[in-house]
Amino acid sequence: QVQLVESGGGFVQPGGSLRLSCAASGTVIRIYPMAWYRQAPGKQRELVATITFDSNTNYADAVKGRFTISRDNIKNMVYLQMNSLKPEDAAVYYCNKDPPFRLPGNRDYWGQGTQVTVSS
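Rules of the game
Residues numbered from 1 in each chain as written. Predicted model: local features only at pLDDT ≥ 70, side-chain atom pairs only at ≥ 80, totals over all residues. Heavy atoms only, no water. Helix = DSSP H or I, 4+ residues; strand = E, 2+ residues; numbered from the N terminus. Rg over C-alpha atoms; globule rule 2.2 N^0.38 Å. Buried < 20%, exposed > 50% of the residue type's maximum accessible area, 1.4 Å probe, protein only. Contact = heavy atoms within 4.5 Å. Areas by Shrake-Rupley, 256 points an atom, 1.4 Å probe, with all protein chains shown as cover. Lys, Arg positive; Asp, Glu negative; His and termini not counted. Charge placed at Lys NZ, Arg CZ, Asp CG, Glu CD. Disulfide = S-S within 2.5 Å.

## What about the overall build of the protein?
Inference 1: Each helix and strand counted, the protein has 0 helices and 12 strands in total.
Inference 2: Taken from N to C terminus, the helices and strands of the protein fall in the order β-β-β-β-β-β-β-β-β-β-β-β.
Inference 3: Over its C-alpha trace the protein gives a radius of gyration of 14 Å, about what one expects of a compact globule, namely 14 Å for 120 residues.
Inference 4: The proportion of buried residues among the 120 residues of the protein is 43%.
Inference 5: Sequence separation of at least 24 residues holds for 55% of the intrachain contacts in the protein that already meet a minimum separation of 6.
Inference 6: When the accessible surface of the protein is totalled, it reaches about 6400 Å², and 49% of it is carbon and sulfur.
Inference 7: If you average the places of the 13 positive and of the 9 negative side-chain charges in the protein, the two averages end up 3 Å apart.

## A look at the environment of Ile69
Inference 1: Relative to the elements of secondary structure, Ile69 occurs in strand E7 (residues 67-72).
Inference 2: Sequence separation of Ile69 and Met82 is 13 residues, and the distance between their C-alpha atoms is 8.8 Å.
Inference 3: Sequence-distant contacts of Ile69, defined by excluding residues within four places in its chain, comprise Met34, Ala35, Trp36, Ala49, Thr50, Ile51, Thr57, Tyr59, Val78, Tyr79 and Leu80.

## Some thoughts on the environment of Gly8
Inference 1: Note that Gly8 resides in the loop between strand E1 (3-7) and strand E2 (10-12).
Inference 2: A residue is classified by how much of its surface remains accessible, and Gly8, at 35% relative accessible area, is partly exposed.
Inference 3: On a C-alpha basis, the gap between Gly8 and Asn106 in space is 29 Å, while along the polypeptide they are 98 residues apart.

## Concerning the state of the cysteines
Inference 1: This model, assessed by the stated rule, comprises 1 disulfide.
Inference 2: Here Cys22 connects covalently by a disulfide to Cys95, the sulfurs 1.7 Å from one another. Here Cys22, found in strand E3 (residues 18-25), pairs with Cys95, found in strand E9 (residues 91-97); they are 73 residues apart in sequence, far enough to count as distant. For the pair Cys22 and Cys95, one class covers both residues: buried.

Honestly, it's all geometry; don't read function into it.
Have a look at this one:
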């Protein structure tokens, strides 16, 4: 069964940077388009960035030019470099397939995510 473990979140001041990592196990992600999502308190989870199996990328308008998604198919890892962070980027960040992996019972699988806090 797939397992996704996100890490690298933390507290940062506006304008700062963080690099998130996602370690996948139980499946080989190289054949899948992967993505980073985020969910802020009181808001729906949103798609932040996607990367195809051959590393073509796409970004939400809110993060374009500031975030960079990448992958290492040998290490079964996905990354999100976040620069010029803004308070509105604060959220729990999740990686997943695009669209998300499904569990038995037709539910989406989600890892525990990693918290990003941006505040002065």
